Amino acid sequence: MIYEVSVGGRRLQVDVAADGRFLIDGAVVAAEIAEIARGRQWSVRIGGRSHEVTVLTHDPLRLLVDGREAEASALDERAAASARGASAARGGRHELRAPMPGLLKAVHVTEGDVVERGAPIMTLEAMKMENELLAPARSRVVRLAVSAGTKVEGGAVLAVLEESE
Amino acid sequence: MIYEVSVGGRRLQVDVAADGRFLIDGAVVAAEIAEIARGRQWSVRIGGRSHEVTVLTHDPLRLLVDGREAEASALDERAAASARGASAARGGRHELRAPMPGLLKAVHVTEGDVVERGAPIMTLEAMKMENELLAPARSRVVRLAVSAGTKVEGGAVLAVLEESE
Amino acid sequence: MRVIRACHELGIRAVAVYSDVDRGALHVRLADEAYPIGPAAPRESYLAIGKLVEVARRARCDAVHPGYGFLSENADFADAVRGAGLVFVGPPGEVQRRLGDKTQARRLARDAGVPIADGTLAPLRDLAEARSESKRIGYPVMLKAAAGGGGKGMRAVASAAELDAAWRLSSGEAAGAFGSEALFVEKLIEHARHVEMQILADGSLGDAALRIARAAGYVSAGTVEFLVDERGGFSFLEVNTRLQVEHPVTELVTGLDLVALQLRIAAGEPLPFAQSDVRRRGAAIEMRVTAEDARRGFVPATGRIAVLREPAGPGVRVDSGLFDGLVVTSDYDPLLMKVIAHGVDRTEALARARRAVRETIVAGLPTSLAFHAHVLDEPDFVAGRYDTAYVAMHWPPRAPVELDDSQITAAALVAVLAARGRATRRLVASPDGAWSRAGREEALR
Amino acid sequence: MRVIRACHELGIRAVAVYSDVDRGALHVRLADEAYPIGPAAPRESYLAIGKLVEVARRARCDAVHPGYGFLSENADFADAVRGAGLVFVGPPGEVQRRLGDKTQARRLARDAGVPIADGTLAPLRDLAEARSESKRIGYPVMLKAAAGGGGKGMRAVASAAELDAAWRLSSGEAAGAFGSEALFVEKLIEHARHVEMQILADGSLGDAALRIARAAGYVSAGTVEFLVDERGGFSFLEVNTRLQVEHPVTELVTGLDLVALQLRIAAGEPLPFAQSDVRRRGAAIEMRVTAEDARRGFVPATGRIAVLREPAGPGVRVDSGLFDGLVVTSDYDPLLMKVIAHGVDRTEALARARRAVRETIVAGLPTSLAFHAHVLDEPDFVAGRYDTAYVAMHWPPRAPVELDDSQITAAALVAVLAARGRATRRLVASPDGAWSRAGREEALR
């Protein structure tokens, strides 16, 4: 199975051969790997160098490599191909997502409203700070997904806006 | 299910009722229990008192109660009954068991030997210390279960001796 | 935790309270007694003065320590505790009121001859007054909650255009956090350093701090905060009438146990030393590791601790409530763990801080650790050049973290292993038998 | 770990070696480079001088730090390192030889005017000589390995009847551990205190320690050990030509980093301070938590770490290689973790030590922790009354640990929960379907 991998901005192709060996960009890597914490932490030795790599978060994939944090991604060929296809934009439509988990304190608009760029749409309280979520452009409120008083997860869709002239 | 429990020398009868309540020596205990580490650690609140109890080892059962170690045991009725039956002694026969895990360095006797009380039977090396295992009484070596050079677990039977006149 | 530890060292019985989400927290497990006080929402538990005093009475406590969050600077709480015949570990309610209202504290500092920034000396009546006062002082200004502290209800306002939104948000936050929406405004001092004097300090800033403490009739531990501008001039900022989050720095440098001293003062004992007996030894640096995603503007993060390794060894102190499997929610302050490094001088303290951060692992949710790692190696910080604009100037870093080829290779292999592991788990969970099998085989290849 | 930490604080690349069973150990993961050196048996890995020097050369190291176990007092190793053109972090081979042979060290101490216990000044030729010398000195005597240290190959002999067995065991151990079965005998000083002077000390014992160090031409860190008898007289015991396991006590009290200093000395730097600059601050107590069953005469124990909580907070330092899931084998020394408590005086240090031990959890195998908890509360120890007979006099404790009724109840409930959990797991593992089901239902009732 071949994976397209990105680590800290560098792109590599990793091929896991049937015999368990790894090839990186076509060359065999003499790596010796010990799993320390199941699915989370590995000790990797490459020619004497000792690296401890921990999966900090899965989505996005962040790794701690010898105490340094790096963003990474690994897609198998199929997933990589479909990801390339999906990157075509849907233009003019914005999903307003919660930038962090918290309590939706107030909703300042109703469906159908047309709001100016920078207008407050909602107020999200998280860890005792209030955060106003603003319209990214002059737009119409197509849909409100949640109402005031709701607890929301980080990344949840809160509203759908459509750019308006 | 009723259990016969011993903790730090104190004996109690614990009855786990079908509805999940606990009775100790017949009286309901108002305990609120949270499992912290699966099968290993619990936080127990009894009338405001907060106790943290950790299972240090299972066999023998040792508990850490608010930072204090205590020996304990819990047998259900059936097990308790059979344990009482089994405590009848087998008189005159000694099983020589490894007091700790280690490497059996030397065996000083052969099967059939009659040895005096205090005679060295074997030498066990553990963590770089040599420990002589001595005959508990004048006895005949009935069986040797292991030979020199073997790694043994703590508690393993090393030899069987029979008291001799 | 910090207070329970001090109690246990002094042989004092420690009673804790907890909200529903904190049942399994370390402070509940390590306290001698623990009582539930309601649901996660602070207003119904940790801010419910009545419930807290009732628990203290029921548990037959002698004294109440407010910690350094929630009600630690609430004068009504101090009064309620005293009213119930218990000792409050901290300054009395009237002292807190005198210093807790930031505008009153500014007047007190001015009267004690300590410099303060230009601004209002009483709460603003309305937005109109805020507008006219800000214009008089000249932008940029700071809009602050009069009852506030800890950065809540506080906003820098660069121009008149931003004032409306800032007023709305700050007064809302202030009402929620402190029960009063009163705001005041003062001149923003740019490129200043924020200096906190734990009230135990010496030196010239220390004199000013002691003058304010004496003027206020201060008792127990507290902190006087100043801003020091680029030319070394300073102005009074505020007094925190509680133990400071950064108190371990003072403890490591002076060798004193501030919480134990608070408890002794509360028990009526005199301080066992005078100001002149305090000797400083070396330097200390505290890192506040928070559940905030440093790479996304420090937005709060939640998750379950999956791998945890706290640093240890020479010169490293950890104050933490973390444990493997802990679920970090968004209900409370994002502080996870304090890592404090101590050395004979700032160079050694920095080296130990770097080493400690390198050892630390908190997996399962985004944290501020990448920020700490970056700052400890950043030339300006290492050279001692930093002010209140430091973070905005130096974070996020311009370049991604430098990994060498060997580290990149190791990371790439783990990225693949992690992706395969996840794939297996997802597929096995699917109800379709065939897919499940195929997924497993593929992952095992 | 301790050495890797010091390297990282000084910006030095750290190279580790490991035997097959240590692949996942912390020191392997935290080092910059790590090399396998063979199977678990020390003789084929950690004691294999040739392999170690070869790795150091291959990895292009500048210096080799021997730690404080295995080859840390082996003069041949020091010579081999130097012979390969590398720096040995510790005293040179000839100094080690001078002090490592305990009988030679006794002669050196005597010549430097430092008191020594009555006994032989050269290795014993045979059992017959041991018998006659012991008789001359008078029982009880100590039989010791001439090349020894750390309690191995050493036995107290109360009477002539015990000498034969002691001779056999000690010479066997000595041969195994040090490669030489030479023994010597000296008078056993009863009710003595064992005092170790890290060579950095002051005071009168300190003078004696420095005299010996100078006489031996000592370089780097080391320890001179004495026995102090009931009337305050002292006699020289031995010199450890390595970093002492207890070095954190010295570090906390002096504020110095002994390992960093060792590395600086090895790099040819002079010490950055004189003896008179060393200031002591407060008191420190070290607890060596070992994989030994304190309740069964400290027999070595093995197992897998199931729950781990290391203590933290003010005045507590932890040096540890433990992590959740680590399998502790009987291959090496049973030391698991060092917990060191520091305070302004012995009282505060003791209170912190007690608090730290109460917080510590090492579940999965028997340890020495119950012993530490007992001693820290035991009146004689608290009052400072202890000598080399202390452990035999006070352990095991006469009474079981005192638990109050509430604790007994909590423990009883957990004992039942643990028994039910185990029953389920065992029955489910059985191949017989019916039994497996019944067992599970019963356990869930």
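Being a predicted model, the structure only gives us computed values, none of them experimental.

I would appreciate a short explanation of the overall build of chain C in the present structure.
Of the regular secondary structure elements, chain C holds 17 helices and 19 strands. Over its C-alpha atoms chain C spans a radius of gyration of 24 Å, differing by no more than 12% from the 22 Å that the globule rule assigns to 445 residues. Dimensions of chain C along its principal axes, counting C-alpha atoms only, are 80 × 55 × 50 Å. Looking at chain C residue by residue over its 445 residues, the buried ones come to 55%. Here chain C contributes 56 positive and 57 negative side-chain charges, whose respective centroids are spaced 2 Å apart.

Any chance you could explain the interface of chain A and chain C here in plain terms?
Note on interface size: it is often stated as the accessible area lost on association of the parts. Across the contact, 56 residues belong to chain A and 59 residues belong to chain C. Here chain A and chain C share an interface that buries about 5,100 Å² over both sides, 64% of which is from carbon and sulfur atoms. There are 6 salt bridges connecting chain A and chain C. The closest approach of N and O atoms between R49 of chain A and D404 of chain C, which form a salt bridge, is 2.9 Å. Linking chain A with chain C are 10 residue pairs in polar contact (both at pLDDT 80 or more), by the criterion used here. Per-element tally for the side of chain A that touches chain C: the top contributor is strand β7 (residues 49-57) of chain A, with 8 residues.

Looking at this structure, I do not really get the packing of aromatic side chains. What am I missing?
Aromatic rings in a pair are described by how distant their centres are and how their planes are angled relative to each other. With the rule as written, the count across this model stands at 20 aromatic pairs over all chains. For the pair F371 of chain C and W395 of chain C, a centre-to-centre distance of 5.4 Å together with 85° between the ring planes defines the contact as edge-to-face. On the criterion of sequence distance, the pair formed by F371 of chain C in helix α13 (residues 369-377) and W395 of chain C in the loop between α15 (390-394) and α16 (405-429) is long-range, its members being 24 residues apart. Considered together, F371 of chain C and W395 of chain C belong to a single accessibility category, that of buried residues. Judged by centre distance (6.4 Å) and plane angle (40°), the ring pair of F298 of chain D and W395 of chain D falls under tilted. A residue pair is termed long-range when its members are at least 10 positions apart, and F298 of chain D in the loop between β12 (292-293) and β13 (299-300) and W395 of chain D in the loop between α15 (390-394) and α16 (405-429) qualify at 97 residues. Overall, the relative accessible area of 10% leaves W395 of chain D in the buried class.

Help me out: how do you make sense of the pattern of salt bridges in this one?
Oppositely charged side chains can pair when the atoms bearing their charge come close. Residue and element names in this part refer to chain B. Scanning the model with the defined rule gives 88 salt bridges over all chains in all. Across the pair R138 and E116 runs a salt bridge whose closest N-O atoms are separated by 2.7 Å. With R138 in the loop between β14 (129-134) and β15 (139-144) and E116 in the loop between β12 (114-115) and β13 (120-126), this pair connects stretches of sequence that are 22 residues apart. In this structure E116 comes out as partly exposed when scored by relative accessible area, which is 45%.

Help me understand the domain arrangement of chain A, please; the structure alone is not making it clear to me.
The domains assigned to chain A are domain 1 (2-77) and domain 2 (86-163). Relative placement of domain 1 of chain A and domain 2 of chain A: their C-alpha centres are 37 Å apart.

What exactly am I supposed to notice about the interface of chain B and chain D here?
Contacts between the two partners involve 56 residues from chain B, matched on the other side by 59 residues from chain D. Carbon and sulfur atoms supply 64% of the area buried between chain B and chain D, which totals about 5,100 Å² over both sides. Our count for the contact surface shared by chain B and chain D stands at 6 salt bridges. Salt-bridge contacts for E52 of chain B lead to R309 of chain D; the nearest nitrogen and oxygen are separated by 2.8 Å. Where chain B touches chain D, the interface holds 10 residue pairs in polar contact (both at pLDDT 80 or more). With 8 residues, strand β7 (residues 49-57) of chain B is the largest single contributor of residues to the side of chain B that touches chain D. For the side of chain B that touches chain D, a count of residues per class yields 33 nonpolar, 8 polar and 15 charged.

Quick question: what am I supposed to make of the confidence of the model for chain C here?
Reading predicted coordinates in detail is not appropriate for stretches of low pLDDT. Residue and element names in this part refer to chain C. Per-residue confidence for chain C gives a mean pLDDT of 86; residues scoring 70 or more make up 93%. Of all helices and strands in chain C, the one with the weakest mean pLDDT is helix α17 (residues 433-444) (30), whereas strand β19 (residues 361-363) scores best (97). Ignoring residues within four places in sequence, the model shows residues 424-445, a span with pLDDT below 50, making 18 contacts including any to other chains.

How should I be thinking about the sheet that holds strand β17 (residues 157-163) of chain B in this particular structure?
The pairing of strands in a sheet comes from backbone hydrogen bonds and takes either a parallel or an antiparallel form. Residue and element names in this part refer to chain B. Strand order in this open sheet of 4 strands is β10-β17-β15-β12, and the pairing throughout is antiparallel. Looking along the sheet, the strands with just one partner apiece sit at the ends: β10 (93-97) and β12. In terms of strand pairing, β12 meets β15 through 2 bridges, oriented antiparallel. Looking at the pairing, V114 lines up with R140 of β15.

How should I be thinking about the sheet that holds strand β11 (residues 283-290) of chain D in this particular structure?
Residue and element names in this part refer to chain D. With antiparallel pairing, 3 strands are arranged side by side in an open sheet as β11-β18-β16. Taken across any chain shown, the strands that pair with only one partner, and hence form the sheet edges, are β11 and β16 (316-320). Within this sheet the neighbouring strands show an average axis-to-axis angle of 15°, counted without direction. Of the strand pairs in this sheet, β11 and strand β18 (residues 335-343) are connected by 8 bridges, and their pairing is antiparallel. By the bridge assignment, V289 is partnered in β18 with M337. The sheet strands contacting helix α12 (residues 346-359) are β11, β16 and β18, and the helix crosses β18 at an angle near 140°.

Can you walk me through the environment of P366 of chain C in this structure?
Tracing the sequence through the fold places P366 of chain C in the loop between β19 and α13. Each C-alpha atom, one on P366 of chain C and one on A291 of chain C, is 6.4 Å from the other, the two residues being 75 residues apart in sequence. Discounting residues that sit within four places of it in the chain, P366 of chain C has contacts with T57 and R62 of chain A together with T290, A291, E292, D293 and A301 of chain C.

It is not clear to me how the packing of helix α7 (residues 127-137) of chain C against helix α8 (residues 160-178) of chain C should be interpreted in this structure. Could you clarify?
Any two packed helices are characterised by the angle at which their axes cross and by the distance between the axes. All names here are of chain C. Running from N to C, α7 and α8 cross one another at 135°; their axes reach a closest spacing of 11 Å. Here α8 runs oblique to α7, going by the angle between their axes. Handedness of the crossing formed by α7 with α8: right-handed. Counting all contacts with α7, which are made through L127, A130, R131 and S134, the residues of α8 involved are L163, D164 and W167. Considered class by class, the residues forming the contact of α7 with α8 number 4 nonpolar, 1 polar and 2 charged.

Got a minute to help me understand helix α13 (residues 369-377) of chain D in this structure?
Spacing of three or four residues puts side chains on the same side of an α-helix, whose turn is 3.6 residues. Buried within α13 of chain D we find L369, A370, F371, H372, V375 and L376 of chain D. Next to the buried residues of α13 of chain D lie β9 (68-76) of chain B together with β11, α12, β19 (361-363), α14 (379-382) and α15 of chain D.

What should I look at first to understand helix α12 (residues 346-359) of chain C in this one?
The terminal C-alpha atoms of α12 of chain C lie 20 Å apart, and with 14 residues this matches the ideal 20 Å at 1.5 Å per residue to within 8%. Along α12 of chain C, 10 of the 14 residues are buried, which leaves the element largely enclosed by surrounding structure.

Before we go on, may I ask you to explain the side chain of N240 of chain D in this structure?
Residues and elements named next belong to chain D. Mapped onto the fold, N240 is located in strand β10 (residues 234-240). Classification of N240 by relative accessible area gives buried; the value is 1%. At 3.2 Å, the side chain of N240 and the side chain of Q244 are in polar contact.

Explanation requested: unusual backbone geometry in the structure shown.
For residues that are not glycine, phi is negative in most cases, and the peptide bond is trans in most cases. Each neighbour pair has its own omega, and for D59 of chain B with P60 of chain B the value is 5°, a cis peptide bond. With respect to the helices and strands, P60 of chain B occurs in the loop between β7 and β8 (61-65). Y139 of chain D connects to P140 of chain D through a cis peptide bond whose omega is -5°. Of note, the phi angle at D66 of chain A is positive, near 50°, even though the residue is not glycine. In this fold, D66 of chain A is placed in the loop between β8 (61-65) and β9 (68-76). Given a relative accessible area of 13%, D66 of chain A falls into the buried group. Positioned with a positive phi, H191 of chain C is a non-glycine residue whose angle comes to about 55°. With respect to the helices, strands and loops of the structure, H191 of chain C is situated in the loop between β7 (183-187) and β8 (193-198).

Help me understand the environment of A419 of chain D, please; the structure alone is not making it clear to me.
With respect to the helices and strands, A419 of chain D occurs in helix α16. The partly exposed category is assigned to A419 of chain D, whose relative accessible area is 21%. The residues contacting A419 of chain D, other than those within four sequence positions of it, are Y3 and A74 of chain B.

Cut-offs used in this document
Residues numbered from 1 in each chain as written. Chains lettered and ligands numbered in written order. Predicted model: local features only at pLDDT ≥ 70, side-chain atom pairs only at ≥ 80, totals over all residues. Heavy atoms only, no water. Helix = DSSP H or I, 4+ residues; strand = E, 2+ residues; numbered from the N terminus. Rg over C-alpha atoms; globule rule 2.2 N^0.38 Å. Buried < 20%, exposed > 50% of the residue type's maximum accessible area, 1.4 Å probe, protein only. Lys, Arg positive; Asp, Glu negative; His and termini not counted. Charge placed at Lys NZ, Arg CZ, Asp CG, Glu CD. Contact = heavy atoms within 4.5 Å. Buried area = accessible area lost by both parts, 1.4 Å probe. Salt bridge = Lys/Arg side-chain N within 4 Å of Asp/Glu carboxyl O. Polar contact = N/O pair within 3.5 Å; in protein donor to acceptor, adjacent residues only side chain to side chain. Phe/Tyr/Trp six-rings, centres within 6.5 Å; stacked < 30°, edge-to-face > 60°. Domains from an automatic or database assignment. Nonpolar A, V, L, I, M, F, W, Y, C, P; charged D, E, K, R; others polar. pLDDT = per-residue confidence, 0-100. Pairing = 2+ DSSP bridges. Axes fitted to C-alpha atoms, helices over the stretch in contact; angles between N-to-C directions. Parallel < 35°, antiparallel > 145°, perpendicular 65-115°, else oblique. Left-handed = near helix turned anticlockwise from the far one by under 90°. Expected span 1.5 Å × (residues − 1).

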